[in-house]
Structures are given as structure tokens and as C-alpha cells.
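Descriptive structure summary
One letter stands for each residue in the lines below.
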Amino acid sequence: MTASAAAAIPPQHQIRALHTAGTVTVYQAYTPSLGLPAARDGRFPAAWKRDRMTWIKPSFLWMMYRCGWGTKEGQETVLAVEITREGFDWALAHAELSHYERDVHPDHATWQRELRRAPARVQWDPERDLHLNRLPYRSLQLGLAGEASRRYADEWTVSIRDVTPLAREIHALARSGETEAATALLPDEKPYPLPQGTPVPTAREAV
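Values in this document were obtained by computation on a predicted structure and should not be read as measured data. Throughout this document, residue positions are counted from 1 along each chain, in the order its sequence is written. Side-chain atom pairs in this predicted model are given and counted only at pLDDT of 80 or more, local residue features only at pLDDT of at least 70, and totals for whole chains, interfaces and linings cover all residues. As a convention, hydrogens and water are excluded, and side-chain values are obtained from all of the structure's heavy atoms.

As a further point, take the sheet that holds strand 2 (residues 23-30). Strands are treated as partners if at least two bridges between them are detected by DSSP. In DSSP terms, a helix is any run of H or I states spanning at least four residues, a strand is any run of E spanning at least two, and both are numbered starting from the N terminus. With antiparallel pairing, three strands are arranged side by side in an open sheet as 2-4-8. This sheet does not close on itself; its edge strands, each paired only once, are strand 2 and strand 8 (157-162). Within this sheet the neighbouring strands show an average axis-to-axis angle of 25°, counted without direction. In this description, contact between two residues means that some pair of their heavy atoms is separated by no more than 4.5 Å. Every angle, taken between N-to-C directions, lies between 0 and 180 degrees, and every axis is a line fitted to C-alpha atoms, over only the stretch in contact when it is a helix. Those strands touched by helix 2 (residues 32-41) are strand 2, strand 4 (77-84) and strand 8, and its axis lies near 45° from that of strand 4.

This is the structure:
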């Protein structure tokens with residue numbers, strides 16, 4: 001690998017997202033019975049269980065990998081959820097790694113104790129390309145539980161859009177070999193600027 005090619009590869013643990021000065025967009029996929037009312041009303045309905053952990057993904061293509069471009073059962077409606085950066089930053093600042101790391105945690109018991117207390121958890125999974133192949137760097141998943149889940153649904157959410165048609169259009173273009181056209185439709189995800197002093201849990205190595 002040339003030096004220029006290596007420089008083009010993002011860091012192993014970097015948050016990339018579509019964001020504005022005040023918001024960041026994350027993705028989730030639901031059944032139409034839940035996802036369509038959420039997109040219609042711009043907020044999660046009462047049926048959305050606020051007492052359960054929910055996982056949000058800033059990476060559009062990782063969401064496509066997870067939901068199979070909106071074809072997996074129970075994930076047919078893909079939502080782009082715009083939330084406040086204040087809320088997103090709060091969740092990151094109160095997160096713990098979803099798995100034990102010997103080089104990060106003092107011991108397994110300490111990690112378990114901190115995980116039980118944390119309202120959010122961080123997981124780093126291989127980022128995906130347009131064809132959903134693994135890339136040599138990681139993508140953030142942010143799990144929200146308890147207070148974080150409730151605040152996400154009822155305080156942080158600014159807008160909810162149904163991007164299932166966009167997912168299908170990009171998928172169709174990618175399958176037909178129109179890579180440039182498909183890429184042009186992807187959300188413009190750029191490195192997310194964390195507030196100074198906000199620690200984000202990371203693993204020393206890919207897991």
C-alpha cells in the first residue's frame with residue numbers, strides 16, 4: 001500500500017456522520033407499522049418501547065448491511081433520525097464499551113459494573129462499502145438504554161424521515177454497476193467533531 005493510499009484510510013475508530021451545526025443524523029430500521037407512523041409524525045409513537053435498548057448508527061452503509069437494504073424481516077422501513085448534537089454528545093460522554101477489553105478496563109468485574117451503570121454503550125463494527133463488503137476501519141454503533149433511550153425518543157429527536165426509497169434506489173444502481181451514480185446519492189458523512197474533552201470508548205484492536 002502506498003503512503004497516499006494509507007493516508008486515505010480513516011482511523012480505526014472515527015465517528016463519521018451527516019451533521020450540521022446543531023444536529024447529527026443516525027439510522028434505524030423498523031417494521032412498517034412502527035417506522036411509517038414515526039416518519040409521518042416526525043416522532044416515535046407510543047408503541048416505540050422506551051424501556052428497551054435501541055441502537056443508532058451514524059453510518060448509512062452500515063445500516064444497509066444490517067437491514068439488507070430494507071429487505072430483512074422487521075427492518076423494512078429505514079429511518080433517518082436527526083437528533084441534537086447535544087444529545088448525541090451526552091450519550092457518547094456517558095457510554096461504556098459493549099465488550100470487555102483487557103487493555104482498556106482494569107478488570108472484567110469493573111467493566112461489568114460500569115456497563116450496568118452506563119445509559120449508553122459503544123460498539124465498533126467493520127465499516128461497509130457500497131457492496132456491503134468489510135472495510136479496514138470501524139463504524140460506530142451507539143446503544144441507548146434507560147435515560148438515554150427515553151431522551152432520544154422524546155427530547156433529542158428533531159426530525160424523522162423515511163429513507164427506504166433512497167436505500168432501494170442506491171441498491172439498484174449498485175447492483176447494475178452504476179457505482180458513480182450510486183455513490184453520488186449517499187449521505188455526505190464526514191468526521192464528527194467531538195466537544196473537547198469528550199472521551200469515546202475504543203478498543204485497542206479490532207474485535
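Turning our attention to the pairing of strand 7 (residues 134-144). Burial analysis of strand 7 places eight of its eleven residues in the buried class, which makes it a mostly covered element. Relative to strand 7, strand 3 (residues 54-56) runs antiparallel, the two sharing three bridges. Counted as the bridge partner of I56 is L142 from strand 7. Taking the residues between adjacent antiparallel strands as the criterion, strand 6 (residues 120-128) and strand 7 are bridged by five residues, where L132 takes a positive phi near 70°. Exposure is judged per residue with a 1.4 Å probe applied to protein chains only, and the accessible area is read against the type maximum: over 50% gives exposed, under 20% gives buried, and values in between give partly exposed.

A few words on the sheet that holds strand 7. Read across the open sheet, the four strands follow the order 3-7-6-5; overall the sheet is mixed. The sheet is open, and its two borders are formed by strand 3 and strand 5 (95-97), each paired with just one other strand. Across the sheet, the mean angle from the axis of one strand to that of its neighbour is 40°, orientation sign disregarded. Taken together, the three bridges between strand 5 and strand 6 define a ladder with parallel strand orientation.

Attention now goes to helix 3 (residues 60-67). Counted residue by residue, helix 3 has six buried out of eight residues, so it is predominantly covered. Listed in full, the buried residues belonging to helix 3 are F60, L61, W62, M63, M64 and C67. As for helix 3, its buried residues are in contact with strand 2, strand 4, strand 6, strand 7 and helix 7 (164-175). Positive phi appears at G68, one or two residues downstream of helix 3, with a value of about 65°.

Looking now at the side chain of Q14. Position of Q14 among the secondary structure elements: in the loop between helix 1 (3-8) and strand 1 (16-17). Among residues more than four places away in sequence, those in contact with Q14 are W124, R138 and P191.

In what follows, salt bridge is the name for a side-chain nitrogen of Lys or Arg lying within 4 Å of a carboxyl oxygen of Asp or Glu. Scanning the entire structure with this criterion turns up six salt bridges. Residues R50 and D154 are paired through a salt bridge, measuring 3.0 Å at the closest nitrogen-oxygen approach. Of this pair, R50 sits in the loop between helix 2 and strand 3 while D154 is found in helix 6 (residues 147-156), placing the two residues 104 residues apart along the sequence.

By volume, the largest pocket is sized at about 400 Å³. A 1.4 Å probe that fits into a set of points on a 1 Å grid over the protein atoms alone but cannot get out defines a cavity; an open set with protein on both sides within 12 Å along at least five of seven lines defines a pocket, and lining residues are those with an atom within 4 Å of a point. Looking at the largest pocket, it is lined by 16 residues, and the ones nearest its centre are Q28, A29, Y30, M53 and T54. Those elements that place two or more of their residues in the lining of the largest pocket are strand 2, strand 3 and helix 3. For the lining of the largest pocket, the element with the most residues is strand 2, which contributes three residues. If you add up the space inside the second largest pocket, you get close to 320 Å³. Lining the second largest pocket are 16 residues, with L61, E127, L186, P187 and E189 sitting closest to its centre. Grid points are joined across faces, edges and corners, and a volume is the space filled by probe spheres set on the points.

The topology assignment puts E189 in the loop between helix 8 (179-185) and strand 9 (190-191). Separated by 172 residues in sequence, E189 and A17 place their C-alpha atoms 4.2 Å apart. Within polar-contact distance, the side chain of E189 engages the backbone nitrogen of F60 at 2.8 Å. Side-chain atoms alone can form a polar contact between residues adjacent in sequence; in general such a contact is a pair of N or O atoms within 3.5 Å, and within protein one must be able to donate a hydrogen while the other accepts it.

The next subject is the nonpolar core. Counting 32 residues, the largest nonpolar core has F44, F88, V122, L142, L144 and Y152 as its most contacted members. Broken down by secondary-structure element, the contributors of at least two residues to this core are strand 2, helix 2, strand 4, helix 4 (85-93), strand 5, strand 6, strand 7 and helix 6. Contacts of L142, omitting those with residues within four sequence positions, involve T54, W55, I56, F88, A91, L92, A95, A120, R121 and V122. Residues grouped as a nonpolar core are buried Ala, Val, Leu, Ile, Met, Phe, Trp, Tyr and Cys residues, joined through side-chain atoms within 4.5 Å. Counting residues in hydrophobic clusters, the runner-up holds 18 residues, among them L61, W69, A167 and L173.

Any functional reading would require information that these geometric values do not contain.
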